Each structure stands twice: as C-alpha cells, then as structure tokens.
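Chain and residue survey
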Amino acid sequence: MTIYEFARRIILEAGQNIKDKLKLELTIETKSNPNDLVTNMDKETEQFLADKINQTYPDHRIIGEEGHGSDIDTLEGVIWIIDPIDGTLNFVHQQQNFAISIGIFKDGEKYAGFVYDVMNNNLYHAIAGKGAYLNDRQLATLQSTELKRSIISMNPNWLTKDWTKDVYSPIVKDARSARSYGSAALDFVFVATGIIDSYITLRLHPWDFAGGMIIAEETGAIVSNQLGEKLHPLKSNSILVANPELHHEILNVYLMNYKDELENLHQGMFSSR
Ligand code: 2AM
Ligand code: CA
Ligand code: CA
Ligand code: CA
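Nothing here was measured: the structure is a model prediction, and the numbers come from that model. (Residues numbered from 1 in each chain as written. Chains lettered and ligands numbered in written order. Predicted model: local features only at pLDDT ≥ 70, side-chain atom pairs only at ≥ 80, totals over all residues. Heavy atoms only, no water.)

Every protein donor of the calcium ion (ligand 3) is listed here as Asp83 (OD), Asp86 (OD) and Asp208 (OD), and their distances to the metal cover 2.0 to 2.2 Å. Mapped onto the polypeptide sequence, the residues donating to the calcium ion (ligand 3) form the spacing pattern D-x2-D-x121-D. (Donors = N, O, S within 2.8 Å, 3.2 Å for Na, K, Ca; no water.)

Shown next, in the form of structure tokens:
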C-alpha cells in the first residue's frame, strides 16, 4: 500500500468514527477566546490519525492543530499536517460543514492532499502532479474569471474591523457576490471545484491550508499569501487562492493598493507558527 492509499483509508475511518459518535454528548472547551472552541472529537480524531500513522510509519512526523508536532521546524522526511476537524464551530452548531484535512510533504515537496467533507461523504484528494479528484471524479482545470463575474469567499469579520475593512470591502463590492463557509479546508476545495472562484483570508495555520492547497493547485489554482508570496508548509500566513486570472486581478488591482499596510500586518502577525 502506498502512503497515499494508507492516508485515504485512515481519513475515511476517522470520518466514520465521527459519524458513529455524533449522537454522543460533546465536551466543549474554549481556546484563545470564547468563540474559539475545541471538542473531545477534535482531540480524539487527531489522536486516532496519529496512532495509525505512528504504527505504520514510525519515522514519519506529524503536525496537528490539537498538539502534535509543535516542536517541528524542519522539512526533512515525511511530514503529515493534520487538521482533525476544520470548521469546529460548524461541527458544534450544525453537525455538518466541517472537514478532516491532511497534507503530506516529502522532504518539503508536496506529496498528497486530502479534504474529507464527512457528512456529505465527499473526499477531495490529490497526488501532486497527478490531478485532483472529488471521490472518483477528476476535477477539471479551472476556467479564468474576472472579479465582476466571480463569487468569492471571505469571513465577514474582516469587513467589520477598522484595520482591515478598507483593504477587503472594495473586493467584496466589485465581486458578483460573496459567501462564507466557515471551513478553510472546504473553501480551498470549493475553489478547486469551481463552486467559488476565490478564497481570501487573513490568517491560517499550516493545518488549515496544507491539504487544500495541494488539491487546489492540481486544478491550476494559484495559492499564495496576500503579498503574492509562496506559502511555507510550516508557517502561518494570509491566503489568496483563485484561478490564475482572478488571482492576478485581486492581487494587483486591489491588494497592492494596500501593500504597505499588508506588509506591516504580515510582519506583526506571522513571527511564529
Ligand atoms: P478550525 O475550525 O479548525 O479552528 C473558520 O473561520 C476557519 O478559520 C476554519 O477553517 C477555522 O479552523 C479557522 N480558524 C478559526 N479560528 C482561527 C484562529 N483563531 N486562527 C486561525 N484560524 C482559525
Ligand atoms: Ca481550532
Ligand atoms: Ca482549521
Ligand atoms: Ca481544527
């Protein structure tokens, strides 16, 4: 079995575990603020995946949102970057619209990405260089779109803060429409399938973007930070993902008007993971 086949098997098992336990009562704790939640399912799912990986590949390394690999700062060998539940608020409030995300890197190179929309039984997956799939269907290369004919995804919170509303409201204003799904991993794969044309957000961690980035890039999406720079698999960053023409338009016609402000923001926000 390849690492890809193994990953596909355990992410489906992890999703089944979540479905099996959905009726049980959750233990919910807060993290950085009262709206930043973590449940026992987040922790149990990360531990389930880590145990499986450790049993089969003891030399692989694991980074997860809920605590695995917080000391990892180099890229050699095989690294699994895991978000056990992306969209925890959706999980708690809706019991849907969340995903398990896994990105696998070999010596710093993309190897495979998985985003599993558990409640819809939709597994988005890709091996780098071999195309992206939704279940058994290969995803088409993205068509170019202009902003005025595009649907973008953005958390409306960015439009409520004095220091970000000037940057982002012109983009929302000029787009055909905007959406907010509450799961970064799903936003990436929605760009990959063409459900949305761009996803724009100011702060993601490696586990939020690792799997989705690998899938989206296989459909021709451009994934960068909001200064147009490549993402590092171990570093938090801002995100701009879109088809190539739209990525160029949003970056150059909109974000670069706020280049100095965005540069200052990045210097302040991303000194650590
Ligand atoms: P999570 O559900 O795994 O925490 C929701 O707006 C999206 O942003 C989700 O993908 C969520 O991931 C992520 N997110 C939520 N809170 C965050 C925070 N404090 N910092 C960075 N990403 C966050
Ligand atoms: Ca979280
Ligand atoms: Ca996440
Ligand atoms: Ca999470």
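Moving on from the coordinates now.
Around the calcium ion (ligand 4), the donor atoms from the protein are Glu65 (OE), Asp83 (OD), Asp83 (OD) and Ile85 (O), and they sit 2.1 to 3.1 Å away. Counting along the primary sequence, the residues that act as donors to the calcium ion (ligand 4) give the motif E-x17-D-x1-I. The two metals, the calcium ion (ligand 4) and the calcium ion (ligand 2), are separated by 3.9 Å and share Glu65 as a common coordinating residue. A relative accessible area of 1% places Ile85 in the buried class. (Buried < 20%, exposed > 50% of the residue type's maximum accessible area, 1.4 Å probe, protein only.)

Time to look at the UniProt feature "binding site: Mg(2+)" (unreviewed entry) in the protein chain. The UniProt entry lists Glu65, Asp83, Ile85, Asp86 and Asp208 under the feature "binding site: Mg(2+)" (unreviewed entry), expressed in the numbering used here. Their sequence span is 144 residues, while the largest C-alpha to C-alpha distance among them is just 9.6 Å; these annotated residues converge on one region. In this fold, Ile85 is placed in strand E4 (residues 78–86). Not counting residues within four places of it along the chain, the set of residues in contact with Ile85 comprises Ile18, Met41, Asp42, Glu65, Phe91, Phe98 and Ala99. Other than its neighbours up to four places away in sequence, Asp208 contacts Asp83, Asp86, Ala184, Ala185 and Phe188. Polar contacts involving the side chain of Asp208 include one to the main-chain amide nitrogen of His205, which spans 2.8 Å. (UniProt positions renumbered as here; feature names shortened; annotations may be inferred. Helix = DSSP H or I, 4+ residues; strand = E, 2+ residues; numbered from the N terminus. Contact = heavy atoms within 4.5 Å. Polar contact = N/O pair within 3.5 Å; in protein donor to acceptor, adjacent residues only side chain to side chain.)

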